[in-house]
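As a plain string of letters, each chain reads:
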Protein chains: 2
Amino acid sequence: MNYFSSDFKLGILGGGQLGKMLLTDTRKFDIQTYVLDPSDEAPCKIGSNKFFQGDLMDFDTVYNFGKQVDVLTFEIEHVNVAALEKLETEGIKVYPSPKTLNLIQNKGTQKDFYAKNNIPTADYKRFESLNDLKLAVENEVVTMPFVWKSTEGGYDGNGVKVIRTAESFNGLPEVQCIAETMVPFKNELAVIVTRNPSGEIKTYPVVEMEFHPEANQVEYVICPARIDDAVADKARAIALQVSEHFNHVGLLAVEMFQTEDDEILVNEVAPRPHNSGHYSIEASYTSQFEQHLRAILDLPLGNTDSKAAGIMVNLVGAEGYSGNVVYQNIEKILGLNGVTPHIYGKKQTRPFRKMGHVTIVNEDIAEARRIAEEVKNTIKVISI
Amino acid sequence: MNYFSSDFKLGILGGGQLGKMLLTDTRKFDIQTYVLDPSDEAPCKIGSNKFFQGDLMDFDTVYNFGKQVDVLTFEIEHVNVAALEKLETEGIKVYPSPKTLNLIQNKGTQKDFYAKNNIPTADYKRFESLNDLKLAVENEVVTMPFVWKSTEGGYDGNGVKVIRTAESFNGLPEVQCIAETMVPFKNELAVIVTRNPSGEIKTYPVVEMEFHPEANQVEYVICPARIDDAVADKARAIALQVSEHFNHVGLLAVEMFQTEDDEILVNEVAPRPHNSGHYSIEASYTSQFEQHLRAILDLPLGNTDSKAAGIMVNLVGAEGYSGNVVYQNIEKILGLNGVTPHIYGKKQTRPFRKMGHVTIVNEDIAEARRIAEEVKNTIKVISI
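Within an unreviewed UniProt entry, the label attached to chain A reads N5-carboxyaminoimidazole ribonucleotide synthase, and the organism entered is Flavobacterium cerinum. According to the UniProt record, the Catalytic activity (unreviewed entry) comment for chain A is "5-amino-1-(5-phospho-beta-D-ribosyl)imidazole + hydrogencarbonate + ATP = 5-carboxyamino-1-(5-phospho-D-ribosyl)imidazole + ADP + phosphate + 2 H(+)".

Student: Explain the pairing of strand β15 (residues 264-270) of chain A to me, using residue names and the numbers behind them.
Tutor: Residue and element names in this part refer to chain A. Counting buried residues in β15 gives six out of seven residues, a clear majority hidden from the surface. Of the pairings in the sheet, the one linking strand β14 (residues 250-259) to β15 comprises six bridges and is antiparallel in character. Opposite Phe257, over in β15, you have Leu265 as the bridge partner. Taking the residues between adjacent antiparallel strands as the criterion, β14 and β15 are bridged by four residues, where Asp262 takes a positive phi near 60°.

Student: So what about the environment of B:Thr359? Which residues, and what values?
Tutor: All names here are of chain B. Within the secondary structure, Thr359 is located in strand β20 (residues 354-362). Thr359 sits in the buried class, given a relative accessible area of 0%. A sequence separation of 227 residues divides Thr359 from Asp132, and the C-alpha atoms of the two residues are 44 Å apart. Within the local environment of Thr359, its side chain forms a polar contact with the side chain of Glu282, the two groups lying 3.0 Å apart.

Student: Which residues make up the domain arrangement of chain A, and what are the values?
Tutor: Under the domain assignment used here, chain A contains domain 1 (9-94), domain 2 (123-181) and domain 3 (185-383). Centre-to-centre, using C-alpha coordinates, domain 2 of chain A lies 28 Å away from domain 3 of chain A.

Student: Just give me the short version of the interface of chain B and chain A, but keep the residues and values in it.
Tutor: Listed per partner, the contact involves 44 residues of chain B and 44 residues of chain A. When chain B packs against chain A, the two sides together hide about 3,600 Å² of surface, and 57% of this comes from carbon and sulfur. Between chain B and chain A we count zero salt bridges in total. Inspection of the chain B/chain A interface yields 14 residue pairs in polar contact (both at pLDDT 80 or more). Among the secondary structure elements, those contributing two or more residues to the side of chain B that touches chain A are α1 (17-28), α9 (288-296), β17 (323-328), α10 (330-334), β18 (339-343) and β20 of chain B. It is β18(B) that contributes the most residues to the side of chain B that touches chain A, five residues altogether. Here the side of chain B that touches chain A is composed, by residue class, of 18 nonpolar, 14 polar and 12 charged.

Student: So what's going on with the pairing of strand β1 (residues 9-13) of chain A? Which residues, and what values?
Tutor: All names here are of chain A. For β1, the buried fraction is high: four of the five residues fall into the buried class. Inspection of the sheet shows β1 paired to strand β2 (residues 32-37) by five bridges, in the parallel sense. From the neighbouring strand, Leu13 faces β2, where its bridge partner is Leu36. Summarising the sheet, β1 and strand β4 (residues 71-74) pair through four bridges and their orientation is parallel. Across the sheet, the residue bridging to Leu13 is Phe74, located in β4.

Student: Could you give an account of the packing of helix α3 (residues 81-89) of chain B against helix α4 (residues 98-105) of chain B, with specific residues and numbers?
Tutor: All names here are of chain B. At a minimum axis distance of 9 Å, the contact between α3 and α4 shows a crossing angle of 160°. In terms of orientation, α3 lies roughly antiparallel with respect to α4. Considering how the two elements wind past one another, α3 and α4 form a crossing that is left-handed. Contact with α3, carried on its side by Val81, Leu84, Glu85 and Glu88, involves Pro98, Leu101, Asn102 and Gln105 of α4 and no other residues of that element. For the contact of α3 with α4, the class distribution of residues is four nonpolar, two polar and two charged.

Student: So what's going on with the sheet that holds β17(B)? Residues and values would help.
Tutor: The strands that make up a sheet pair up through hydrogen bonds in the backbone, lying either parallel or antiparallel. Residue and element names in this part refer to chain B. Pairing in this open sheet of three strands is antiparallel, and the strands run β19-β17-β21 from one edge to the other. Every other strand in the sheet has two partners, leaving β19 (348-349) and β21 (380-383) as the edge strands with one partner each. Bridge count between β17 and β19: two bridges; the pairing is antiparallel. By the bridge assignment, Gly323 is partnered in β19 with Thr349.

About the thresholds
Residues numbered from 1 in each chain as written. Chains lettered and ligands numbered in written order. Predicted model: local features only at pLDDT ≥ 70, side-chain atom pairs only at ≥ 80, totals over all residues. Heavy atoms only, no water. UniProt positions renumbered as here; feature names shortened; annotations may be inferred. Buried < 20%, exposed > 50% of the residue type's maximum accessible area, 1.4 Å probe, protein only. Helix = DSSP H or I, 4+ residues; strand = E, 2+ residues; numbered from the N terminus. Pairing = 2+ DSSP bridges. Polar contact = N/O pair within 3.5 Å; in protein donor to acceptor, adjacent residues only side chain to side chain. Domains from an automatic or database assignment. Contact = heavy atoms within 4.5 Å. Buried area = accessible area lost by both parts, 1.4 Å probe. Salt bridge = Lys/Arg side-chain N within 4 Å of Asp/Glu carboxyl O. Nonpolar A, V, L, I, M, F, W, Y, C, P; charged D, E, K, R; others polar. Axes fitted to C-alpha atoms, helices over the stretch in contact; angles between N-to-C directions. Parallel < 35°, antiparallel > 145°, perpendicular 65-115°, else oblique. Left-handed = near helix turned anticlockwise from the far one by under 90°.

Here it is in structure tokens:
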């Protein structure tokens, strides 16, 4: 198949920041793209060859969009899977496959999959409703504290809550859920695995999420993770195992816990470019976005090694500001060594809205970490 | 000034591959762009916020386009300078300035400028016409062999010819020209200098153009140049001197000869992103395109060091092929370590048309050079 400057069309479901960063590479390779997104202000309106506004959960919208392209991928999991399945039976290549997506979209199914395939993960129980879970707690089948997770629709910490007392149930939705054992862990790690239809498979180095010491919020994604080589090797091996069992095509971001005993437990996966891989744009020989493209087009995969240490800081809207965004002090951080801001192109900021990220690249990881902190303390996403 | 996700507008004259690569960075920073290009199929039609089709040499077209933007830059020198001058007097920021452009657009003026400012360059004489030059040869004021250059409109080797005998004059146009002494040189080098309106100035490492041993054609641009440190330091110092005399804003690519005696002679300059800097997208901490943007917006300049050795191979249309382009064996070169193709997005190939380039990045420059040769021998730009 001839992808480059040809009539070939890649469809992308979702036109947000992940799609926007993917378009950097479709433009680089001059691969035609069609993008579907519900918002008329989606970042992918610019940079795609053709933009369609429409509902990603609507069968007909997704189906009719998909019929126009040769290969279909997505940058968000909340899409109409039935439409993808029908497209697949009609010969459209859909990567990752609806089968992978079905396994992943429901956290209960995802956990069952790990259990069935002997992939280490925290113990859990599934419940059809919040009420069933409450009964299980009353009957001491589940013991507090534990982690409640809704099985569907969770995103960026939504749909996850630590339950310490009966009061913690207040405000939780009456939905299917799991109760997961709380595991004391030292580190949250992630490994991105990439696989093409021919079966070539590669892992990126292990990254580490560094949390704010008080607020329970990821502050830095650090590559490589500052962990023992043996632990890193184990994490990459487990990520590879997950990938092989899923038999996925494209990227698979595998989020993991490193326990106090240096065990690795798989937390969850995302079958697409991932926040934990943004550092790769500047730090890796092949960015995760180019790699995703190579994978879904069955091209050879690129080198996943790093050229230098990379640290990512998310840019989220500051509390107390809503309206037209201003990136206060962005010119100051541009004056720091090896700093690249990525601005997603959302005109309106809101508290905690993901507005962009900043990558810090340096030969010396400690120096990168120092600059990352300076970036974090300098730039502020406010409104005018 | 607030550039990011704001109403600020950057105008770009020219919508070819240099503009396209610049748009990667305007998108990364979410800076609004308006692009003017004569072709309805210009690569910048996609990725710019607004695209205008029009003649870059037409006063009114350039003037009316420029009135709509806050800062105006260009990716090609052949633009209507009078319109730029008028825009500048009316408060539009034009970078590089029409003054710089005026100095550079005419090779005679450019050479006079070097002579006046004691910048080392090959000896030359200016002539108002080919006829005047022929008379000078007859009268032995100019001795063959020498290099004939038309003072205006030359591009990629057009407008340059070595004159060895009277027959060499055949076919040359009756235009203003210079006759330049032939200097035996070991290497063609280039240094990109970048400067912002506040006067911050930085040079990139010296790159080396490696020529095909028989055909007189650049095959590889290699960073860093494989030359002595002392020569490299001298080249960077001279490039800095050129930049300071021009007082330019943005990028200035300074092409130079390293003579047999290790003298550095300035050949010519280009006030814009340059083919000799394409390696920087993958190899440098800051790509030349991001750097150009930082410079013209008076933002702090980024680190010009390299993360790894970088080699660039141009992708030009193969002889004997015209029509819809196919990049034969591109999937094979994608399987080589650290290889990134850039496809400019021209649907039609023609012999020697610049269709793209390939960057090879590696920690080890000798290994990069080996892979670059494999790339060169593998990929072929043909038509179907």
